[in-house]
Amino acid sequence: MHEIMPPEQPEPSADLARYLDDTTTRQPGARAVVDSDGSALSYGELSAAADRIAAFLHRRGVVAGDRVGLFMRKSSQTLAAIFGVLRLGATYVPADAGSSGTRASTVFGDCDVRVIFTDPESALHLTQAAPQLGPRVVVMQPGNEETNNPLEDWQTLDILHGERHAYPRSMPDADRLAYILYTSGSSGTPKGVAISQRNAVSFVEWASATFNVTAEDQVSSHAPFHFDLSIFDIYVSVKNGACIHLIDTDLAASPRHLARFISTREITVWYSAPAILSMLAAQHNGRSPAPNRLRLVLFAGEVFPITKLRMLLRLWPEPAYYNLYGPTETNVCTFYRVPTSIPADRVEPLSIGHPCNHCDTIVVDEHLRPVPEGEPGLLCIAGPSVVSGYWNAPEKTAQRIFHLDGRRWYNTGDMIRSSAEGYIFLGRLDRMIKRHGYRIELDEIESCLAVHPQLRACAVVNSETDGNTAITAFLVARDAPVSPADLSKFCYERLARYMVPDHFSYLPDLPRTSTGKSNYQLLERQCHAKQT
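Everything numeric in this text was worked out from a predicted model, so none of it was measured.

K.L.:
Just to check I follow, could you spell out the overall build of the protein chain for this structure?
P.N.:
Along the protein chain, the regular secondary structure elements total 15 helices and 28 strands. Here the C-alpha radius of gyration of the protein chain, 23 Å, is about what a compact globule of 532 residues would show, namely 24 Å. Over its C-alpha atoms, taken along the principal directions, the protein chain stretches across nearly 70 × 55 × 55 Å. Counting every position in the protein chain, which comprises 532 residues, the buried fraction comes to 60%. For the protein chain, contacts bridging at least 24 residues in sequence account for 68% of all contacts bridging at least 6. Surface exposure of the protein chain reaches about 21600 Å², of which carbon and sulfur atoms provide 50%. Between the averaged position of the 50 positive side-chain charges in the protein chain and that of its 59 negative side-chain charges there is a distance of 2 Å.

So this is what it looks like as structure tokens:
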């Protein structure tokens, strides 16, 4: 089991589910969530659906502390499932329904989920890859509450109709896990970041106070629910009675249509990784987009190229812009208010700012000793938002969590230096990269390709051009080379979709350092040479 460390600040009332309770009491008829097709649920309807979910799980024998998987397209039903799981005191585990069923089965197996909520298409995708999960699958499908599908033997559940049954509402427990988000792991398998109620509530309370979200706000939900940016979209909105506008996968990747969506839905708060904002700015560069009501544009997850950010500021001059920083293990821990005008000669990326008031930071060297002000070092975080560790992985926890001066610190692995405007991100010492806000361990991609029977060796590197990250796999074939299409398919079946390499390149042999290791620096130079 995962390691539980003593809490730093007792918060016995920390309870994400209570946000929905309180807002439903205040404004039951107000819109809570609008699906991508325009259909909506009020707070009263969302609360009733969450009760049906909790009651169903109770009848299935799920109790507080159990894990419940989510493998479905983002919808109001997914949101109801999340709050139903939380009301029962269980832990939700979202997996990317757009990635392989094999990877999802690895995630669900690692944390031993009791039930997996899904939709018909995703259920087929999952059970074809992992038939053993079939008995745990529950398909959300209106009109068929708790009936069996005679073809697939899946249980189905209609959360919008039918009676609500009693269930034991869990008592608040700040140490209870609220959700587990799986990120890329250097060992070749994803690792589960185990987030407690205390961790999540600490962030939500800070964000609510900092950005003053109210019941008048219309908040975009661009991030998928297995991505930590979604925590802001869901809980800051629900706590404050705002309306959440869900953006489906197709629209999320379409900058050509997002400006119109922001306008017609009268979005006031936007939050995403910089990549989509960069594409949107480039798409509308020199042309006036549809007018909008944006007051806040938040971005996080990766460096925002200065040239693209300048375009965006010209495109949307009215909103306040914030650069938010923080790994999944801390959620946001530093932030920076973007100036209204960025000097034309500035090429250095934006600062990631100063610590949030619910976090403390130190900068240390490789031996975890604090470095002098202004010197480069590793950024470490302490505070109630810092997780206790990784699910079922005490060794990985020990690699990142350490104690100093009686406090528990998380080592982000990010190299930074302090400056007058805040911390400046310098890169990493390891081989973890960020793409579209997602954390990717290049070693996990290598581990995947290493088991391909027709490959003798592989090395994976990344390269960046104007803020766009590309992943290249250099390969040595045993006999005849495998086609790029077949290699992409092989990776897609085992990795998250955002981890599949963009390019595959064959070599007679991999270049080696004097110690016999793969010479990644030489391979990176080869990538840059091809791009110039």
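K.L.:
What is the right way to look at the sheet that holds strand S28 (residues 503-506) in this model?
P.N.:
The strands making up a sheet associate through hydrogen bonds between their backbones, and the pairing can be parallel or antiparallel. The three strands lie next to each other as S26-S27-S28, forming an open sheet whose pairing is mixed. Single-partner strands in this sheet number two, and they are strand S26 (455-465) and S28. Sheet twist, expressed as the average angle between the axes of neighbouring strands with direction ignored, equals 25°. In this structure, strand S27 (residues 468-477) lies alongside S28, joined through four bridges in parallel fashion. What sits directly across from Leu475, in S28, is Tyr506. Contacting S26, S27 and S28, helix H14 (residues 484-492) crosses the sheet at an angle of about 120° to S28.

K.L.:
It is not clear to me how the nonpolar core should be interpreted in this structure. Could you clarify?
P.N.:
One recurring pattern in soluble globular proteins is that nonpolar side chains are buried together. With 114 residues, the main nonpolar core has Leu16, Leu57, Phe117, Phe211, Phe232, Tyr235 and Leu449 as its most contacted residues. The element best represented in this core is helix H2 (residues 43-59), accounting for nine residues. In this structure Leu449 touches Leu455, Cys458, Val460, Ala473, Leu475, Leu487, Phe490, Cys491 and Phe504, once residues within four positions along its chain are discounted. Membership of the second largest hydrophobic core comes to 28 residues, among which are Ile267, Ile306, Leu309 and Met311.

K.L.:
It is not clear to me how the state of the cysteines should be interpreted in this structure. Could you clarify?
P.N.:
Here, the word disulfide means a covalent bond between the sulfur atoms of two cysteines. Following the criterion strictly, the structure yields zero disulfides and no others. This cysteine, Cys491, is not joined by any disulfide, and Cys448 carries the nearest cysteine sulfur, 4.3 Å off. The cysteine Cys527 is free of any disulfide, with Cys458 supplying the nearest cysteine sulfur at 14 Å.

K.L.:
Is there a simple way to think about unusual backbone geometry in this case?
P.N.:
Although it is not a glycine, Asp112 adopts a positive phi angle of roughly 55°. With respect to the element layout, Asp112 can be found in the loop between helix H4 (101-110) and strand S5 (115-118). Assessed through its relative accessible area of 43%, Asp112 is described here as partly exposed. Of note in this structure, Leu368 is not a glycine but carries a positive phi near 65°. Take Leu368: it is sitting in the loop between strand S18 (360-364) and strand S19 (377-382).

K.L.:
What exactly am I supposed to notice about the pairing of strand S16 (residues 334-337) here?
P.N.:
Within a regular beta strand, the side chains point alternately toward one face of the sheet and then the other, so they alternate between its two faces. Residues Thr334 and Tyr336 of S16 are buried on one face, while the alternating residues Phe335 and Arg337, pointing to the opposite face, are not. Both strand S15 (residues 320-325) and S16 contribute to a ladder of four bridges, which runs antiparallel. Among the inter-strand pairings, Asn323 is bridged to a residue of S16, identified as Tyr336. Inspection of the sheet shows S16 paired to strand S17 (residues 354-355) by two bridges, in the antiparallel sense.

K.L.:
Honestly, the pairing of strand S22 (residues 407-417) in this entry has me stumped. Any pointers?
P.N.:
Extensive coverage of S22 is indicated by the burial of nine of its eleven residues. Across four bridges, the pairing between S19 and S22 is antiparallel. Directly across from Leu378, in S22, lies its bridge partner Met415. Note: strand S21 (residues 401-404) against S22, four bridges, orientation antiparallel. Each bridged residue has a counterpart across the sheet, and for Ile401 the counterpart in S22 is Tyr410. Linking S21 to S22, which pair antiparallel, is a turn of two residues; within it Asp405 sits at a positive phi near 55°.

K.L.:
Help me out: how do you make sense of the packing of aromatic side chains in this one?
P.N.:
Any aromatic ring pair is given by two values, namely how distant the centres are and how the planes are angled relative to each other. What the rule picks out here adds up to 13 aromatic pairs. Between the aromatic rings of Phe211 and Tyr322, the centroid separation amounts to 5.1 Å while the plane-to-plane angle is 75°, which identifies the pairing as edge-to-face. Taken together, the residues Phe211 in helix H6 (residues 197-211) and Tyr322 in strand S15 connect sequence positions 111 residues apart. Each member of the pair Phe211 and Tyr322 is classed as buried. One aromatic cluster is present, built from ring pairs that chain together Phe203, Trp206, Phe211, Phe232, Tyr271, Tyr322 and Phe335. The ring of Trp409 is capped by Arg407, whose NZ or CZ atom sits 5.6 Å from the centre of that ring. The lysine or arginine in question, Arg494, covers the ring of Phe490, its NZ or CZ lying 3.8 Å from the ring centre.

K.L.:
Sorry, what's going on with the pattern of salt bridges here?
P.N.:
Close approach of charged atoms allows side chains with opposite charge to pair. Inspection of the entire model under this criterion finds 22 salt bridges. Taking the shortest distance from any N to any O, the salt bridge between Arg73 and Glu121 comes out at 3.4 Å. Here Glu121 lies in helix H5 (residues 120-129) and Arg73 lies in the loop between strand S3 (67-71) and helix H3 (76-87), a separation of 48 residues in the sequence. Classification of Glu121 as exposed rests on a relative accessible area of 56%. Across the salt bridge formed by Arg293 and Glu266, the nearest N and O atoms sit 4.0 Å from each other. One end of the pair, Arg293, is in the loop between helix H10 (274-283) and strand S14 (296-300); the other, Glu266, is in the loop between helix H9 (255-264) and strand S13 (269-272), and 27 residues separate them in sequence. Given a relative accessible area of 44%, Arg293 falls into the partly exposed group.

Criteria and thresholds
Residues numbered from 1 in each chain as written. Predicted model: local features only at pLDDT ≥ 70, side-chain atom pairs only at ≥ 80, totals over all residues. Heavy atoms only, no water. Helix = DSSP H or I, 4+ residues; strand = E, 2+ residues; numbered from the N terminus. Rg over C-alpha atoms; globule rule 2.2 N^0.38 Å. Buried < 20%, exposed > 50% of the residue type's maximum accessible area, 1.4 Å probe, protein only. Contact = heavy atoms within 4.5 Å. Areas by Shrake-Rupley, 256 points an atom, 1.4 Å probe, with all protein chains shown as cover. Lys, Arg positive; Asp, Glu negative; His and termini not counted. Charge placed at Lys NZ, Arg CZ, Asp CG, Glu CD. Pairing = 2+ DSSP bridges. Axes fitted to C-alpha atoms, helices over the stretch in contact; angles between N-to-C directions. Core = buried A, V, L, I, M, F, W, Y, C linked by side-chain atoms within 4.5 Å. Disulfide = S-S within 2.5 Å. Phe/Tyr/Trp six-rings, centres within 6.5 Å; stacked < 30°, edge-to-face > 60°. Lys NZ or Arg CZ within 6 Å of the ring centre and 35° of its normal. Salt bridge = Lys/Arg side-chain N within 4 Å of Asp/Glu carboxyl O.

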